[in-house]
Amino acid sequence: MISIHTPPQPTDLGDVRTANRAVVLRHVRLHAPCSRADIAAHTGLNKATVSSLVTELIDRRLLRETGLTENRIGRPATMLVLDGEPYVGLGLQVGADELVVVAADLGGNRLLTWRRAFTAPAVAPQETVRALAALARRAITRATGQGRSVLGLTVGVPGLVGTDDEVPLAPALGWRDVPLAAELRRALREPGFTVGVDTDANLAVLAEQRHGAYAGTADLVHLSGGIAPGAGVISGGRLLRGGHGFAGEIGHVPLDPVGPACACGRRGCLAAFIGVDAVVRAVLPDAGQDGPVVDYLPELDRIQALAGSGDDAVLTGLAEIGRRLGHGVSILANLIDPQVVVVGGHLAALAPWLLPAARGELAARTLAAGECRLEASTLGTAATALGGATAALATVEAGRLPAA
Ligand SMILES: [Zn+2]
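### Quick word on the overall build of the protein chain
Piece 1. For the protein chain, the helix and strand inventory stands at 14 helices and 15 strands.
Piece 2. Computed over C-alpha atoms, the radius of gyration of the protein chain comes to 22 Å, within 12% of the 22 Å expected from 2.2 N^0.38 for 404 residues, which places it in the range of a compact globule.
Piece 3. Along the first, second and third principal axes, the C-alpha atoms of the protein chain reach 70 × 50 × 40 Å.
Piece 4. Scored against the burial criterion, the 404 residues of the protein chain give a buried share of 52%.
Piece 5. For the protein chain, the exposed area adds up to about 17800 Å²; of that, 52% sits on carbon and sulfur atoms.
Piece 6. Side-chain charges of the protein chain comprise 36 positive and 39 negative groups, with the mean position of each set lying 6 Å from the other.

Below, the structure is given as structure tokens:
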């Protein structure tokens with residue numbers, strides 16, 4: 001199980017029951033449909049405990065009986081699956097040119113994905129908070145209108161996020177010391193659920209680990225696209241946070257001391273080569289003619305069309321960016337030895353032209369060449385928001401019952 005925060009250690013009987021609830025929910029999530037006897041046999045919990053926990057979880061609509069029975073000798077067993085339909089987690093993401101909200105239920109079903117064009121780097125943080133709150137309110141209204149209750153909300157931002165859910169620095173957004181969780185709670189008038197903040201890459205790797213093509217991989221990295229590429233790292237099944245919550249800032253590892261200027265004030269960072277703004281500038285020299293690019297989707301469409309038609313200059317430009325990408329990934333591969341690095345956002349959209357060169361560079365620069373796969377995410381451009389919704393449901397998955 002991937003825990004985004006350190007799980008509580010059982011200290012009394014209530015905590016033991018919470019931990020056991022988490023064990024049962026996890027077993028059903030991974031092995032459904034399964035019977036009470038299966039759960040007891042595979043988790044080591046005794047049958048009476050499993051029976052009592054399952055009754056409680058059915059009462060709270062976290063599990064339900066499917067009525068299916070195993071066709072085997074002996075008394076037919078009632079099979080269980082996750083329910084969780086009444087409970088919703090919300091994930092929000094702040095991108096270069098849009099805000100996204102995803103709502104998902106405990107069964108992992110995505111209930112809605114809404115986008116709103118919004119240029120966060122061009123406005124004050126408070127304006128972004130207001131827009132996030134407005135988007136969240138619409139999603140909350142939809143969920144509650146369907147008779148569901150929202151258990152939590154997690155926002156992903158391209159920048160540093162401290163353990164206190166503040167954003168000390170997000171150069172690509174122009175943010176410094178933004179108490180994002182507190183401001184969002186205030187804007188939502190202190191909702192009765194948790195409001196969390198994490199980096200876009202951490203939430204995206206959580207989505208990959210649960211819903212992506214490499215779900216379940218114990219050593220997995222999601223390298224986010226967008227204006228501030230960063231790495232969400234799951235190592236040995238756990239999200240790697242570091243001492244202050246700042247791990248994974250591969251985007252600001254310098255590749256070339258005389259390279260292009262980076263939003264962080266230094267030169268030649270990985271982000272200054274592979275960030276979506278850098279890619280558009282490098283591959284479409286005419287893109288900024290009518291003023292700064294504030295909407296990247298049409299430009300990415302143009303790049304895809306030109307690359308698809310074999311435009312030499314565009315293909316050469318993308319291969320060069322691919323080599324920088326491969327250089328950056330080789331640092332991750334040498335340092336933390338992931339099984340798979342998955343690229344998201346615009347890097348996934350341009351993967352057919354970036355990844356061949358990137359893989360060559362990765363192999364050339366990695367000591368254990370060929371051991372680390374480099375692939376494109378299949379989750380689309382809302383991976384961070386999906387991960388945010390997943391993270392928002394973590395307390396129930398950790399065995400705590402939702403408020404009645
Ligand atoms: Zn930088």
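### What to know about the packing of helix 4 (residues 125–145) against helix 5 (residues 180–187)
Piece 1. One can describe the packing of helix 4 onto helix 5 by two numbers: an axis separation of 9 Å at closest approach and a directional angle of 55°. Viewed along their axes, helix 4 and helix 5 adopt a mutual orientation that is oblique. By crossing handedness, the relation of helix 4 to helix 5 is classed as right-handed. Every residue of helix 5 that contacts helix 4 at Gln-126, Val-129, Leu-132, Ala-133 and Arg-137 is listed here: Leu-180, Glu-183, Leu-184 and Ala-187.
Piece 2. Of the residues belonging to the contact of helix 4 with helix 5, the class tally is six nonpolar, one polar and two charged.

### Some thoughts on unusual backbone geometry
Piece 1. For the bond running from Ala-32 to Pro-33, omega is -5°, close enough to zero to count as cis.
Piece 2. In this fold, Pro-33 is placed in the loop between helix 1 (13–31) and strand 1 (34–35).
Piece 3. Its identity as a non-glycine residue notwithstanding, Arg-189 has a phi of 55°, on the positive side.
Piece 4. The topology assignment puts Arg-189 in the loop between helix 5 and strand 10 (194–199).
Piece 5. The exposure class of Arg-189 is exposed, given its relative accessible area of 70%.
Piece 6. Residue Asp-337 is not a glycine yet carries a positive backbone phi of 50°.
Piece 7. Residue placement: Asp-337 occurs in the loop between helix 10 (312–336) and strand 14 (340–343).

### Thoughts on the coordination of the zinc ion
Piece 1. Within the protein, His-252 (ND1), Cys-262 (SG), Cys-264 (SG) and Cys-269 (SG) serve as the donor atoms for the zinc ion, at 2.0 to 2.3 Å.
Piece 2. We note that the donor set of the zinc ion lies within a single chain, spaced as H-x9-C-x1-C-x4-C.
Piece 3. Exposure remark for Cys-269: the relative accessible area of 1% places this residue in the buried category.

### Examining the packing of aromatic side chains
Piece 1. Under the criterion given, the structure shown has zero aromatic pairs.
Piece 2. For Arg-138, the ring lying beneath its charged end belongs to Trp-114, and the centroid distance is 5.0 Å.
Piece 3. Over the ring of Phe-273 we find Arg-324; its NZ or CZ atom is 3.9 Å from the centre of that ring.

### Looking at the nonpolar core
Piece 1. With 79 residues, the main nonpolar core has Leu-153, Leu-180, Ile-303 and Leu-325 as its most contacted residues.
Piece 2. The dominant element in this core, judged by the number of residues it contributes, is helix 4, at nine residues.
Piece 3. If sequence neighbours within four positions are ignored, Leu-153 has contacts with Leu-90, Leu-92, Ala-136, Leu-184, Leu-188, Phe-193, Thr-194, Val-195, Gly-196 and Ala-392.
Piece 4. In terms of nonpolar packing, the next biggest core, distinct from the first, is built from 20 residues, Val-28, Ile-39, Leu-106 and Leu-151 among them.

### Considerations on the side chain of Thr-199
Piece 1. The residue Thr-199 is located in strand 10 in this model.
Piece 2. The exposure class assigned to Thr-199 is buried, which follows from its relative accessible area of 6%.
Piece 3. Contact partners of Thr-199, with chain neighbours within four places excluded, come to Gly-156, Val-157, Gly-159 and Val-161.

### A short note on the pairing of strand 6 (residues 110–117)
Piece 1. Of the pairings in the sheet, the one linking strand 5 (residues 98–105) to strand 6 comprises seven bridges and is antiparallel in character. Paired with Leu-99 across the bridge in strand 6 is Arg-116.
Piece 2. The turn joining strand 5 and strand 6, which pair antiparallel and follow one another in sequence, is formed by four residues; a positive phi near 90° is taken by Gly-108.

### Side note on the side chain of Asp-165
Piece 1. Among the secondary structure elements, Asp-165 is positioned in the loop between strand 7 (149–157) and strand 8 (167–170).
Piece 2. Despite being buried, Asp-165 has no salt bridge partner; Arg-185 is the closest side chain of opposite charge, sitting 5.7 Å away.
Piece 3. Ignoring sequence-local partners within four residues, the contact set of Asp-165 consists of Leu-180, Ala-181, Val-195, Gly-196 and Val-197.

### Overview of the sheet that holds strand 10
Piece 1. With mixed pairing, the five strands of this open sheet are ordered in space as 6-5-4-7-10. Two strands in the sheet have a free side with no partner beyond their single neighbour: strand 6 and strand 10. Taken pair by pair, the neighbouring strands of this sheet meet at an average axis angle of 15°, ignoring direction.
Piece 2. Of the strand pairs in this sheet, strand 4 (residues 87–94) and strand 5 are connected by seven bridges, and their pairing is antiparallel. Opposite Gly-89, over in strand 5, you have Ala-104 as the bridge partner.
Piece 3. Across the face of the sheet, helix 4 comes into contact with strand 4, strand 5, strand 6 and strand 7 while running at roughly 155° to strand 4.

### Some thoughts on the environment of Gly-192
Piece 1. Among the secondary structure elements, Gly-192 is positioned in the loop between helix 5 and strand 10.
Piece 2. It is 44 Å that separates the C-alpha atoms of Gly-192 and Leu-354, two residues lying 162 residues apart in sequence.

The rules we used
Residues numbered from 1 in each chain as written. Predicted model: local features only at pLDDT ≥ 70, side-chain atom pairs only at ≥ 80, totals over all residues. Heavy atoms only, no water. Helix = DSSP H or I, 4+ residues; strand = E, 2+ residues; numbered from the N terminus. Rg over C-alpha atoms; globule rule 2.2 N^0.38 Å. Buried < 20%, exposed > 50% of the residue type's maximum accessible area, 1.4 Å probe, protein only. Areas by Shrake-Rupley, 256 points an atom, 1.4 Å probe, with all protein chains shown as cover. Lys, Arg positive; Asp, Glu negative; His and termini not counted. Charge placed at Lys NZ, Arg CZ, Asp CG, Glu CD. Axes fitted to C-alpha atoms, helices over the stretch in contact; angles between N-to-C directions. Parallel < 35°, antiparallel > 145°, perpendicular 65-115°, else oblique. Left-handed = near helix turned anticlockwise from the far one by under 90°. Contact = heavy atoms within 4.5 Å. Nonpolar A, V, L, I, M, F, W, Y, C, P; charged D, E, K, R; others polar. Donors = N, O, S within 2.8 Å, 3.2 Å for Na, K, Ca; no water. Phe/Tyr/Trp six-rings, centres within 6.5 Å; stacked < 30°, edge-to-face > 60°. Lys NZ or Arg CZ within 6 Å of the ring centre and 35° of its normal. Core = buried A, V, L, I, M, F, W, Y, C linked by side-chain atoms within 4.5 Å. Pairing = 2+ DSSP bridges. Salt bridge = Lys/Arg side-chain N within 4 Å of Asp/Glu carboxyl O.

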